[in-house]
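Here's the letter readout for the chains.
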Number of protein chains: 2
Amino acid sequence: MIIDKLIERIKATGNPTVVGLDPRLNYIPNFITEKYFTKYGNTPKAAAKSMYKFNKCIIDAVFDIVPAVKPQIAMYERYGIEGLKAYDKTCKYAKSKGLIVIGDIKRSDIASTAEAYSDGHIGKVDINGSVYDSFAQDFITLNPYLGSDSITPFLKDCEAYEKGLFVLAKTSNPNSGEIQDLMAEGTPIYEKVGALIEKWGESTIGQYGFSSVGAVVGATHPEQAKRLREVMPHTFFLVPGYGAQGGKAEDLAVCFNEEGLGAIVNSSRGIIAAHMKEEYKSCYADERNFAQAARQACIDMKNDLRRCI
Amino acid sequence: MIIDKLIERIKATGNPTVVGLDPRLNYIPNFITEKYFTKYGNTPKAAAKSMYKFNKCIIDAVFDIVPAVKPQIAMYERYGIEGLKAYDKTCKYAKSKGLIVIGDIKRSDIASTAEAYSDGHIGKVDINGSVYDSFAQDFITLNPYLGSDSITPFLKDCEAYEKGLFVLAKTSNPNSGEIQDLMAEGTPIYEKVGALIEKWGESTIGQYGFSSVGAVVGATHPEQAKRLREVMPHTFFLVPGYGAQGGKAEDLAVCFNEEGLGAIVNSSRGIIAAHMKEEYKSCYADERNFAQAARQACIDMKNDLRRCI
């Protein structure tokens, strides 16, 4: 079960942090971008090559102290085909370094279409008898708005290929309540979705009591997270919103159980753009040390989280 | 306004049909696949080249009698980077033939990430002052589960670049009611979402009274569609579910107003795989005529729809 592998890596590193690999060109040091812009001009190819090189340096600097990375596919899709090549290479490189890869793709569609997404992201494609992985992630994120039959095709591939999902329950953004907090028969929608996620995970519960079908629960909504932790005892949480979006370690302690398990917390900008933050600038003044700043930010985040869980 | 262009093309062709370009390898005639499998082996590249060639033949056969095409990105993402190249080329070729391109991507994310999707799909990216379109669609579909701030970044690009959206309200799949039909304060969720979509479209209402922010409303749920038509007077509908999924022309008449406007109806398999259906096999026995079968299916669908609207 992939959830067991994730939990074992969290235990081994002592760090329930996932590094959000969401590069923007303005995060990337000049010594990287200059090389590619000189070689390829001001093109999507140069942007994509810069992103991949940036990610590779960060992966090399953090792979031994964090369990997982979470590339956000939108940041790559922005640059079209060239950007998606950088996404694909990033996933593959992270896996080669032993990291668990959570593809933040938030896909959703009717069953026959969901099957195509599942084939491409966590399953396999069969081309005249030759079998390929397309985008080879360990987990992917999904949007639940279409209901159970939009999730079922992914569950089959989770079982067949030891893969996992994180389905949106309560997201971290300011307007998440517009739909997710509406009360239906006395229960908020995010909790109704939570109950569905528990059900979707029933057949993939691993040795630590958590299933390979997790939930996305924002750090910015601690009360809702607390409630979800109670009603979703077998569901592992992927928690966005820590740091730049305002979520604090104190707020997200409710996502963890007494053994300190139950969630993995994402930070993107706070780690990959640490070299641009005042607190790291003094120690990592040379832009060539940007990945070391990211490493230090992972250690600082670990200490901050462990203070509270 | 892109919605005006879409309506004008619907009027010019007299046909509110959008052709779903969702190719599967088993739809593609042997004379196409054999060529590419011989040249490139049993590879994603051969699959993708076959898909593009298939789409190109269909576009050439139907571009003068339908207003729009709707490629489903999942069918291409399935084959990774090579598949996405075929998606991109399909969008660009359809546009070059004057068709409106509705990218069925159903993306959703928090604002900063939504901005990246918007840049890549309907907006532009600026790379050191050089400006690019990445995936150049006219409309894209979006999932509303995250609320208003997940949609706002797309609205800006709709205004800046004459683009449009279709946001999921009530989807065509069997389990769509699990979340979408839940009653919140006496109103079903899909209707709450409908009210949000009307609001999101306020600033892009064109000369026919419809906005460039449309809604996806499944043909398989006529009662809900009727209600939505009433509460969303300025919202154009993209209607999936006709044909293969069970939606009938009689059922979706409620999506149109008295002038016969208000919706565009998708058919995928029913058109692009018409050559495999009994009713077309006799006239189009030679597989090289598959695109002519698709053309005839567009004409038959037009006549079927016009019987009811």
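To start, this report covers the structure provided alongside it.

A few words on the relation of the copies chain A and chain B. With an RMSD of 0.0 Å, chain A superimposes on chain B once it is rotated by 180° and translated 0.0 Å along the axis. Taken together, the rotation and translation describe the operation of a two-fold axis. Across chain A, the smallest distance between a C-alpha and the rotation axis is recorded for Ala-184 of chain A, namely 2.3 Å. Of all interface residues in chain A, 100% are interface residues in chain B too; the two copies therefore contact each other through one and the same surface.

The next thing to look at is the sheet that holds strand β2 (residues 68–71) of chain A. All names here are of chain A. The parallel closed barrel is built from eight strands, whose spatial order is β1-β2-β3-β6-β7-β10-β11-β12. Taken over all neighbouring pairs, the strand axes of this sheet differ in orientation by 30° on average, direction set aside. Bridge analysis of strand β7 (residues 164–170) against strand β10 (residues 213–217) gives five bridges, and the strand direction is parallel. Paired with Val-167 across the two strands is Ala-215, which belongs to β10. Strands in contact with helix α1 (residues 2–13) are β2, β3 (100–107), β6 (139–142), β7 and β12 (263–267); relative to β3, the strand with the most contacts, it is inclined by about 125°.

Another point: the side chain of His-275 of chain A. Residue and element names in this part refer to chain A. Locating His-275 in the fold gives a position in the loop between α12 (269–272) and α13 (278–281). A polar atom in the side chain of His-275 sits 2.8 Å from the backbone oxygen of Tyr-27. Among the polar contacts listed, one links the side chain of His-275 to the backbone oxygen of Ile-272, at a separation of 3.5 Å. His-275 has contacts with Tyr-27, Pro-29, Phe-54, Lys-281, Phe-290 and Ala-293, leaving out every residue within four places of it along the chain.

This brings us to the interface of chain A and chain B. On the side of chain B, 70 residues touch chain A, which itself brings 70 residues to the contact. Of the roughly 5,800 Å² buried between chain A and chain B on both sides combined, carbon and sulfur atoms contribute 57%. Taken together, the links from chain A to chain B amount to six salt bridges. Across the pair Arg-107 of chain A and Glu-77 of chain B runs a salt bridge whose closest N-O atoms are separated by 3.0 Å.

Next up on the list: the packing of aromatic side chains. Counted according to the given criterion, the structure contains twelve aromatic pairs over all chains. With a centroid separation of 6.1 Å and 65° between ring planes, the pair formed by Tyr-87 of chain A and Phe-135 of chain A is classed as edge-to-face. Of this pair, Tyr-87 of chain A sits in helix α5 (residues 80–96) while Phe-135 of chain A sits in the loop between β5 (130–132) and β6, and the two are 48 residues apart along the sequence. With respect to burial, Tyr-87 of chain A and Phe-135 of chain A carry one shared label: buried. Here the guanidinium or amino end of Lys-97 of chain B rests over the ring plane of Phe-63 of chain B, the centre of that ring lying 4.3 Å away.

This paragraph deals with the nonpolar core. Within the largest apolar cluster, 223 residues are counted, with the highest numbers of intra-cluster contacts made by Leu-6 and Leu-165 of chain A together with Leu-6, Val-19 and Leu-165 of chain B. Take this core: its biggest share by element is eleven residues, from helix α3 (residues 44–62) of chain A. The residues contacting Leu-165 of chain B, other than those within four sequence positions of it, are Ile-122, Phe-139, Ile-140, Leu-142, Ile-151, Phe-154, Leu-155, Cys-158, Ser-212, Val-213 and Gly-214 of chain B.

This part covers the environment of Lys-56 of chain B. All names here are of chain B. When you line up the elements, Lys-56 lands in helix α3 (residues 44–62). Judged by its relative accessible area of 27%, Lys-56 is partly exposed. Distance from Lys-56 to Ala-273, taken between C-alpha atoms, is 14 Å for residues 217 residues apart in sequence.

Further remarks concern the environment of Gly-209 of chain B. Residue and element names in this part refer to chain B. In this fold, Gly-209 is placed in the loop between α9 (189–200) and β10 (213–217). In sequence terms Gly-209 and Gly-262 are 53 residues apart; their C-alpha atoms lie 9.5 Å from each other. Leave out the neighbours within four places in its chain, and Gly-209 touches Pro-233 and His-234.

Here we come to the pairing of β10 of chain A. Residue and element names in this part refer to chain A. Summarising burial for β10: five of the five residues are buried, a large majority. Burial along β10 is two-sided: the residues Val-213, Ala-215 and Val-217 and Gly-214 and Val-216 are all buried. Across two bridges, β10 lies against strand β11 (residues 237–239) in parallel orientation. Paired with Val-216 across the strands is Leu-238, a residue of β11. Regarding topology, helix α10 (residues 222–231) serves as the crossover connection from β10 to the parallel β11, and that connection is right-handed.

Cut-offs applied
- Residues numbered from 1 in each chain as written.
- Chains lettered and ligands numbered in written order.
- Predicted model: local features only at pLDDT ≥ 70, side-chain atom pairs only at ≥ 80, totals over all residues.
- Heavy atoms only, no water.
- Least-squares fit on C-alpha atoms with pLDDT ≥ 70 in both.
- Contact = heavy atoms within 4.5 Å.
- Pairing = 2+ DSSP bridges.
- Helix = DSSP H or I, 4+ residues; strand = E, 2+ residues; numbered from the N terminus.
- Axes fitted to C-alpha atoms, helices over the stretch in contact; angles between N-to-C directions.
- Polar contact = N/O pair within 3.5 Å; in protein donor to acceptor, adjacent residues only side chain to side chain.
- Buried area = accessible area lost by both parts, 1.4 Å probe.
- Salt bridge = Lys/Arg side-chain N within 4 Å of Asp/Glu carboxyl O.
- Phe/Tyr/Trp six-rings, centres within 6.5 Å; stacked < 30°, edge-to-face > 60°.
- Buried < 20%, exposed > 50% of the residue type's maximum accessible area, 1.4 Å probe, protein only.
- Lys NZ or Arg CZ within 6 Å of the ring centre and 35° of its normal.
- Core = buried A, V, L, I, M, F, W, Y, C linked by side-chain atoms within 4.5 Å.
- Right-handed = clockwise from strand over helix to strand, strands pointing away.

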